[in-house]
Amino acid sequence: MQSSSALQRPGQQTPPVQQAGMQHVSQAKPMEGQGQQTITPSAANQIPSVPPEMMDKIYQWIVELASVSTRENSLLELSKKREQVPGLAPMLWHSFGTIAALLQEIVNIYPAINPPNLTAHQSNRVCNALALLQCVASHPETRSAFLQAHIPLFLYPFLHTVSKTRPFEYLRLTSLGVIGALVKTDDQQVINFLLATEIIPLCLRIMESGSELSKTVATFILQKILYDETGLSYICQTYDRFSHVAMILGKMVMQLTKDRSARLLKHVIRCYHRLSDNPRAREALRQCLPDQVKDGTFAACVREDTSIKKWLNLLMSNLEQPMANQ
């Protein structure tokens, strides 16, 4: 399986996949929930374990995001330090003009995605900005305001891209990482927000034709939506929605018989399992579940990850169907 390091650039952090994972607007008004302070003292007080000298650098890099001439280096440095500073998200959100600057980094890339001529340098830079937005998306103090500002919608044009070049693949993977960070929180507000957008068809398209890493994150996002009662009801509400999901999962099973990935297979099986909790979907799966899921085709993957057998057993139990020894 392709490792996440294969998608790295020099000086660029690999986005979290399963944890899970952006321009000059100095005149912009702060977004809702943002204050006028450059850095909020309360955010700094949350992180006593961070050395003072590092905090001085963090403060300076955040301030430098406001200037086009210093922004690129600040994006790089902050993205590398984001997991070492637990209070970084509130600091970013409440510092004047910072979120507007990150959004302008995103918008500046739009002309390069259609027609597709995104360079590696452009991809690296915007992915550093996306990494900071992922930090904001996953933090409990900033997640709600992040959603209320509809910031995830700025990422959807990136998920619409289909170019197979590495800069585009990295851009899609990092954008999916932001959505993955949101759903990982199991926050009802997140699910309600995503169901009101086009995230499900976007994920399904990536699940069908993306790279293995992108497929894995997109399937994880779908899985998390399905494991929410509202999400399951939404997908099973109409035949068209269910059939589209079932069709893509079936295609993934067929592809997995050629390109084995235990991690991706587990997410696919868990999606099937959750669908089988819905009575109408359960009846349909009794007819359309691929034979390869039941006949031992993936015995090697099951040996590699024994949790797959658990989810397979639960799926077969729901469907009241026997399963071959694996």
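Every value quoted in this text rests on a predicted model; they were computed, and no experiment measured them.

J.: Lay out the pattern of salt bridges in plain terms, naming residues and giving numbers.
T.: As enumerated under the stated definition, the model contains 15 salt bridges in all. Between D187 and R143 there is a salt bridge, with its nearest N and O atoms 3.2 Å apart. With a gap of 44 residues between them, D187 in the loop between α9 (166-183) and α10 (188-195) and R143 in helix α7 (residues 143-148) connect regions that are remote in the sequence. On the accessibility criterion, R143 (12% relative accessible area) is buried. The salt bridge involving R274 is made with D277; its shortest N-O contact spans 3.1 Å. One continuous salt-bridge network, built from bridges that share partners, spans R71, E72, E105 and R125.

J.: Can you explain the environment of V136? Please cite residues and give values.
T.: Position of V136 relative to the elements: it lies in helix α6 (residues 120-138). As a C-alpha pair, V136 and F146 span ten residues in sequence and 7.2 Å in three-dimensional space.

J.: Tell me what's going on with α10, and back it up with residues and numbers.
T.: Of all the positions in α10, only V190, I191, F193, L194 and L195 are classed as buried. The elements touched by buried residues of α10 are α7, α8 (156-159), α9, α11 (199-209), α12 (212-226) and α13 (229-235).

J.: Explain unusual backbone geometry to me, using residue names and the numbers behind them.
T.: Cis peptide bonds are those with omega within 30 degrees of zero, and the linkage from N114 to P115 qualifies with 0°. Within the element layout of this structure, P115 appears in the loop between α5 (98-113) and α6. Non-glycine residue H150 carries a positive phi angle of around 60°. Along the chain, the position of H150 falls in the loop between α7 and α8. Owing to a relative accessible area of 41%, H150 belongs among the partly exposed residues under this scheme. Phi at D186 takes a positive value of approximately 55°, unusual for a residue other than glycine. Within the element layout of this structure, D186 appears in the loop between α9 and α10. Among the residues examined, D186 registers a relative accessible area of 59% and is labelled exposed.

J.: Give me the nonpolar core: which residues, what numbers.
T.: Formed by 101 residues in total, the largest nonpolar core has its most connected members in I58 and L275. Setting aside residues no more than four positions away along its own chain, I58 makes contact with L78, K81, V85, L88 and M91.

J.: Report on the packing of helix α15 (residues 262-275) against helix α19 (residues 306-319), specifying residues and quantitative values.
T.: In contact at an axis separation of 9 Å, α15 and α19 are set at 20° when each is read in the N-to-C sense. The angle between α15 and α19 places the two elements in the roughly parallel class. As α15 runs across α19, the sense of the crossing is left-handed. Side by side, α15 and α19 meet where A262, L265, K266, I269, R270, Y272 and H273 of the first sit next to S307, I308, W311, L312, L314, L315 and N318 of the second. Class assignment for the residues of the contact of α15 with α19 results in nine nonpolar, three polar and two charged.

J.: Residues and numbers for the environment of S69, please.
T.: Tracing the chain through its elements places S69 in helix α3 (residues 68-81). A residue is classified by how much of its surface remains accessible, and S69, at 67% relative accessible area, is exposed.

J.: Tell me about the packing of α9 against α12, and please be specific about residues and values.
T.: At a minimum axis separation of 9 Å, α9 and α12 run at an interaxial angle of 25°. As summarised for this structure, α9 and α12 are arranged roughly parallel, according to the angle between their axes. The two elements α9 and α12 meet at a crossing, and its hand is left-handed. In this structure, α9 uses E169, L173, L176, G177, I179, G180 and V183 to contact α12, whose residues at the interface are L213, S214, V217, A218, F220, I221 and K224. Classifying every residue of the contact of α9 with α12 by side-chain character gives nine nonpolar, three polar and two charged.

J.: Describe the packing of aromatic side chains, naming the residues involved and giving the relevant values.
T.: In total, this model carries two aromatic pairs according to the counting rule given. When the ring of Y110 is compared with that of F158, the centres are 5.8 Å apart and the planes differ by 70°; the resulting orientation is edge-to-face. With Y110 in helix α5 and F158 in helix α8, this pair connects stretches of sequence that are 48 residues apart. Taking relative accessible area as the criterion, Y110 reaches 24% and is therefore assigned partly exposed. Ring centres of Y227 and W311 lie 6.4 Å apart, and the angle between their planes is 80°; this geometry places the pair in the edge-to-face category. Pair noted here: Y227 is in the loop between α12 and α13 and W311 is in helix α19, with a separation of 84 residues, a long-range link. Residue class for Y227 comes out partly exposed when judged on its relative accessible area of 28%. W311 gets classed as buried once you look at its relative accessible area, which sits at 12%. Sitting over the ring of Y227, R270 keeps its end group 4.9 Å from the ring centre.

What counts and how
- Residues numbered from 1 in each chain as written.
- Predicted model: local features only at pLDDT ≥ 70, side-chain atom pairs only at ≥ 80, totals over all residues.
- Heavy atoms only, no water.
- Salt bridge = Lys/Arg side-chain N within 4 Å of Asp/Glu carboxyl O.
- Helix = DSSP H or I, 4+ residues; strand = E, 2+ residues; numbered from the N terminus.
- Buried < 20%, exposed > 50% of the residue type's maximum accessible area, 1.4 Å probe, protein only.
- Contact = heavy atoms within 4.5 Å.
- Core = buried A, V, L, I, M, F, W, Y, C linked by side-chain atoms within 4.5 Å.
- Axes fitted to C-alpha atoms, helices over the stretch in contact; angles between N-to-C directions.
- Parallel < 35°, antiparallel > 145°, perpendicular 65-115°, else oblique.
- Left-handed = near helix turned anticlockwise from the far one by under 90°.
- Nonpolar A, V, L, I, M, F, W, Y, C, P; charged D, E, K, R; others polar.
- Phe/Tyr/Trp six-rings, centres within 6.5 Å; stacked < 30°, edge-to-face > 60°.
- Lys NZ or Arg CZ within 6 Å of the ring centre and 35° of its normal.

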